[in-house]
Amino acid sequence: MVPFLENTVAAGSVLTILAISFERYYAICRPLQAQYTCTKMRTLKIILVQWLLAAVACLPYVAMTDYGDAPYVDGSTVKTCGTNIDESWEKGYFIWLWFLFFALPLIVLLALYTLISRTLMCDDVIICNKNDPKYGDNQRARKQVVMMLFAVVVLFFVCLLPFRVFSLWTVFSDTQQVYALGLETFMNIIYFVRVMFYLNSAVNPIIYNVMSTKFRKAFLRALGCRRVDMQRSYTNHTSMSHYSQATSHYASGRTSCAYTHYNYHRGNNETSVF
């Protein structure tokens, strides 16, 4: 059960990152659609489906794992739990899993964050907002979000790459090459790649906290550090008025600039964590 649970949790972590990325895409690129797409009930369904998918995809590990006796370095016998990938179907399954939970998510993340970055830095938005007194602040905020998205993708690749490369090497390399590393070196590599793998999930909230003011405020509210601010209440009320006006302009086709201005100046109606 240990290899099955480890790989299920790892796959579920990747799928969670993908789900969050799609939420960001809808919140920034399709804010009107996000209001009825990103609901709590649909979020719960997505969480359930992604963990079921991860468990089903990793189920063959139960059949591929052997538990038995093996010689230790001092000549004694110890119990071991290992995943033997020797047959052709096992290697084919491992390659399929490697593509499904690393290569494909990386491609999807690059595509999503490219679309998000293009939307945030759209030339039409820049032109529409040039006369805004807060034009400079809006530009810096957009660049901040783009840099944060870029950091998330880079860390996803950097943190998961050692684990995936080492896994491929152990599967397709000769047994003598693995033994040549020695037990201490082999275990040190195992610890390193596993720490890097789980660091990918742990470091994302740190990035958001460092680079996003909105995330820090939401985090403080989650901890109960909420303050009653009359100015903020007034701002929220004004934001809703701007939203109604912008939506009317957008739906009537009179201009997309008014809605775009609201979308970036007001922070996407606080649909996203940004």
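Within any chain, residue numbers begin from 1 and follow the written order of that chain's sequence. pLDDT decides what is reported in this predicted model: residues at 70 or higher carry local features, side-chain atom pairs at 80 or more are listed and counted, and totals for whole chains, interfaces and linings draw on all residues regardless. To obtain the side-chain values, all non-hydrogen atoms of the structure were used and water was disregarded.

A. Representation of the overall build of the protein. Within the protein one finds 12 helices and two strands. The way it works is that DSSP assigns letters per residue, a run of H or I at least four long becomes a helix, a run of E at least two long becomes a strand, and they are numbered from the N terminus. Its helices and strands taken in sequence order, the protein reads α-α-α-α-β-β-α-α-α-α-α-α-α-α from the N to the C terminus. Contacts in the protein between residues at least 24 apart in sequence constitute 72% of all its contacts with a sequence separation of at least 6. Surface accessibility in these figures is a Shrake-Rupley result with a 1.4 Å probe; residues are shielded only by whichever protein chains are displayed. Of the roughly 16700 Å² that the protein leaves accessible, carbon and sulfur atoms contribute 64%. Here, two residues are considered to be in contact whenever any of their heavy atoms come within 4.5 Å of each other.

B. Spotlight on the side chain of R164. Here R164 shows up in helix α7 (residues 135–172). Look at R164: it is buried, it has no salt bridge, and the nearest opposite charge is E6 at 11 Å. Partly exposed residues are those whose accessible area sits between 20% and 50% of the maximum for their type, while under 20% is buried and over 50% is exposed, using a 1.4 Å probe and protein chains only. Positive charge is attributed to Lys and Arg, negative charge to Asp and Glu, and no charge count is given to His or to the chain ends. The working definition used for a salt bridge is a side-chain nitrogen of Lys or Arg within 4 Å of a carboxyl oxygen of Asp or Glu.

C. Seen up close, the side chain of T8. Inspection of the secondary structure puts T8 in helix α1 (residues 2–29). N or O atoms within 3.5 Å of each other form a polar contact, as long as, within protein, one can give a hydrogen and the other can take it, and as long as residues adjacent in sequence are counted only when both atoms are side-chain atoms. Only 2.7 Å separates the side chain of T8 from the backbone oxygen of F4, close enough to count as a polar contact.

D. Spatial organisation of the environment of C159. Position of C159 relative to the elements: it lies in helix α7. Spatially, the C-alpha atom of C159 lies 9.3 Å from that of S201, the residues being 42 residues apart in sequence. When near neighbours in sequence (up to four residues on either side) are disregarded, C159 contacts M196, F197, L199 and N200.

E. Spatial organisation of the UniProt feature "transmembrane region" (unreviewed entry) in the protein. UniProt positions are given in the numbering used here, feature names are shortened, and annotations may be inferred rather than shown by experiment. Mapped onto this numbering, the UniProt entry annotates "transmembrane region" (unreviewed entry) at residues 6–26, 46–64, 93–116, 145–169 and 189–211. As a span, residues 46–64 carries 89% helix and 0% strand, and end to end its C-alpha atoms are 29 Å apart. From the first C-alpha to the last, residues 145–169 spans 36 Å; its make-up is 100% helix and 0% strand.

F. Representation of the pattern of salt bridges. Under the criterion given, the structure shown has two salt bridges. The residue R194 makes a salt bridge to E6 at a minimum N-O spacing of 3.2 Å. Taken as a pair, R194 in helix α9 (residues 183–211) and E6 in helix α1 lie far apart in primary sequence, 188 residues in all. Under the relative-accessibility criterion, R194 is labelled partly exposed at 37%. Measuring nitrogen to oxygen at the nearest pair gives 3.0 Å for the salt bridge that ties D69 to K79. Of this pair, D69 sits in strand β1 (residues 65–71) while K79 sits in strand β2 (residues 77–83), and the two are 10 residues apart along the sequence. For the residue pair D69 and K79, the accessibility class agrees, reading exposed in each case.

G. Focus on a nonpolar patch on the surface. Only residues above 30% relative accessible area that lack a salt bridge enter a patch, with like-charged residues linked at up to 9 Å and the nonpolar side chains Val, Leu, Ile, Met, Phe, Trp and Tyr linked at up to 5 Å. On the surface, V9, M41, L44, I47, W51 and Y198 cluster together to form a nonpolar patch covering roughly 580 Å² of accessible area. At four residues, the largest contribution of residues to the nonpolar patch is made by helix α3 (residues 40–57). By the secondary structure assignment, W51 is in helix α3. Accessibility expressed as a relative area gives 35% for W51, which makes it partly exposed.

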